[in-house]
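Chains, contacts and geometry: an overview
One letter stands for each residue in the lines below.
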Amino acid sequence: MSTTPAACKLRICAALVLPLLLGGCEYGSHLVAMMRSTPAFTVCTPDPRILCEPGAEALAARIAPLVPQAMATIQGKQFPAFDEPVRIRVYTSPESFSRFSGASADAAGIATRGAVHISPMILRHPDGLAEIVAHELSHLNMALRLGRWRMVRLPGWFSEGLATWASGGGGGPAYEPNLRHAIRNGRHFEPIALQPWWRPFQKPPEHMSWTVYYNQTRMFVTFMHDRDPQAFRRLLDRLGARQPFAEALRAAYGRPLEDLWREFVASLSA
């Protein structure tokens, strides 16, 4: 059955508008950012992987020597290679970073559209430059291996927990006994096995700070690794082979996510 031009336009509009209605302004900012051209960005350090917005040379000079070790750290804990050449864009201001990346101007960095984007806000993050660079490279390493759609469906808690665990940073300072107490008493993130496609921009639960969210997810991912490092490796390998998260986890650990979460919560009382 043929499709009229009007029907095609309607479907295209629906594909653009529906995510905006369901996902809010975050979708809109990312869509607009994708359309922006970046011809003014140039190589400004001896590392050709780093591109600078004019005026960001000083920050880029501080980032450049951290990249090799950050990549080695992530490659040692996740996938041993990045499936495409690594690109890092460094910005002059939080506003410019937000305009070109689609992320909040408060963020220190983000991995999106095949590149890591670094804001001057990284200088204010309590975890330090090296850790934040590695954190974003963790996301990039995973995104390049999984592809855009599978990365969207990967549970946000696992993506952030993995990046915070692997890099040693991103969560900021948190008092561990308070985190443990909150989780034991039901004040925790939602350990879902599939991220809804209309909610790919994961957020902490209401009234939970980003610091608590990142550190809670780190604690669970650390538990998953330390409980059985071989199973954790099998999980990553299956994800790298593009198996859905729930299936990959069950095959790797021999139990569903719900059982693993109950084990984790029980371990906090030990």
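Structure shown above.
Each residue is numbered by its place in its chain's sequence as written, counting from 1. Note on the predicted model: pLDDT of at least 70 is required for a residue's local features to be given, and 80 or more for side-chain atom pairs to be given and counted; whole-chain, interface and lining totals, by contrast, use all residues. Excluding hydrogens and water, the side-chain figures rest on all heavy atoms present in the structure.

Looking at soluble globular proteins, one finds that nonpolar side chains tend to be buried together. We define a nonpolar core as any set of buried Ala, Val, Leu, Ile, Met, Phe, Trp, Tyr and Cys residues linked to one another through side-chain atoms lying within 4.5 Å. Here's how the labels work: a residue is buried when its accessible area is under 20% of the maximum for its type, exposed when over 50%, partly exposed in between, all with a 1.4 Å probe on protein chains only. Counting 63 residues, the largest nonpolar core has Leu137, Trp157, Phe158, Met224 and Leu235 as the members making the most contacts within it. Here, two residues are considered to be in contact whenever any of their heavy atoms come within 4.5 Å of each other. When neighbours within four sequence positions are excluded, Leu137 is seen to be in contact with Val67, Ala70, Met71, Ile74, Phe82, Val86 and Val116. By size, the runner-up hydrophobic cluster in this structure holds 7 residues, among which are Phe41, Leu51, Phe97 and Ala103.

When the centres of two rings from Phe, Tyr and Trp lie within 6.5 Å, Trp using its six-membered ring, the rings pair. Their planes under 30 degrees apart give stacked, over 60 give edge-to-face, and anything left gives tilted. Throughout the structure, instances matching the rule amount to 19 aromatic pairs. Geometrically, the ring pair formed by Phe41 and Tyr91 is edge-to-face, given 5.3 Å between the ring centres and 70° between the ring planes. Of this pair, Phe41 sits in the loop between α2 (25-35) and β1 (42-43) while Tyr91 sits in the loop between β3 (88-90) and α5 (94-101), and the two are 50 residues apart along the sequence. An identical accessibility class is assigned to Phe41 and Tyr91; each is buried. Each ring, one from Phe158 and one from Phe245, has its centre 5.1 Å from the other, and the planes form 50°; the classification is tilted. A residue pair is termed long-range when its members are at least 10 positions apart, and Phe158 in helix α8 (residues 156-167) and Phe245 in helix α12 (residues 245-253) qualify at 87 residues. Classification of Phe245 as buried rests on a relative accessible area of 6%. Here the aromatic residues Trp157, Phe158, Phe189, Trp210, Tyr213, Tyr214, Phe220, Phe223, Phe245, Trp261 and Phe264 are joined through ring pairs into a cluster of three or more. Its end group placed over the ring of Trp165, Lys77 keeps NZ or CZ at 5.0 Å from the ring centre. Two conditions define a charge sitting above a ring: the NZ of Lys or the CZ of Arg must be within 6 Å of the ring centre, and it must be within 35 degrees of the ring normal. Seen from the ring of Phe41, Arg89 lies directly overhead, with NZ or CZ sitting 5.3 Å from the centre. Helix and strand assignments follow DSSP, with helices taken as H or I runs no shorter than four residues and strands as E runs no shorter than two, numbered in order from the N terminus.

The next point concerns the environment of Ser119. Checked against the element boundaries, Ser119 lands in the loop between β5 (115-118) and α6 (129-146). As a C-alpha pair, Ser119 and Ala107 span 12 residues in sequence and 7.2 Å in three-dimensional space.

Moving on, we get to the packing of helix α4 (residues 67-77) against α6. Orientation of α4 relative to α6, taken along the N-to-C sense of each, is 50°, at an axis distance of 9 Å. The pairing of α4 with α6 is recorded here as oblique in orientation. As for how α4 packs across α6, the hand of that crossing is right-handed. Residues Val67, Ala70, Met71 and Ile74 of α4 form the contact with α6, whose participating residues are Ala130, Val133, Ala134, Leu137, Ser138 and Asn141. As a rule, the C-alpha atoms of each element are fitted with a line to give its axis, helices using only the stretch in contact, and angles between N-to-C directions run from 0 to 180 degrees. To sort the angles, those under 35 degrees are grouped as roughly parallel, those over 145 as roughly antiparallel, those from 65 to 115 as roughly perpendicular, and the leftovers as oblique. Should the near helix be turned counterclockwise from the far one by less than a right angle, the crossing is left-handed, whereas a clockwise turn marks it as right-handed.

So, on to the state of the cysteines. Disulfide: a pair of cysteine sulfur atoms within 2.5 Å of each other. Tallied over the full model, the rule gives 1 disulfide. Each sulfur in the disulfide pair Cys44 and Cys52 lies 1.7 Å from the other. A residue is classified by how much of its surface remains accessible, and Cys44, at 26% relative accessible area, is partly exposed. Taking relative accessible area as the criterion, Cys52 reaches 1% and is therefore assigned buried.

So yeah, pure geometry; function would need other evidence.
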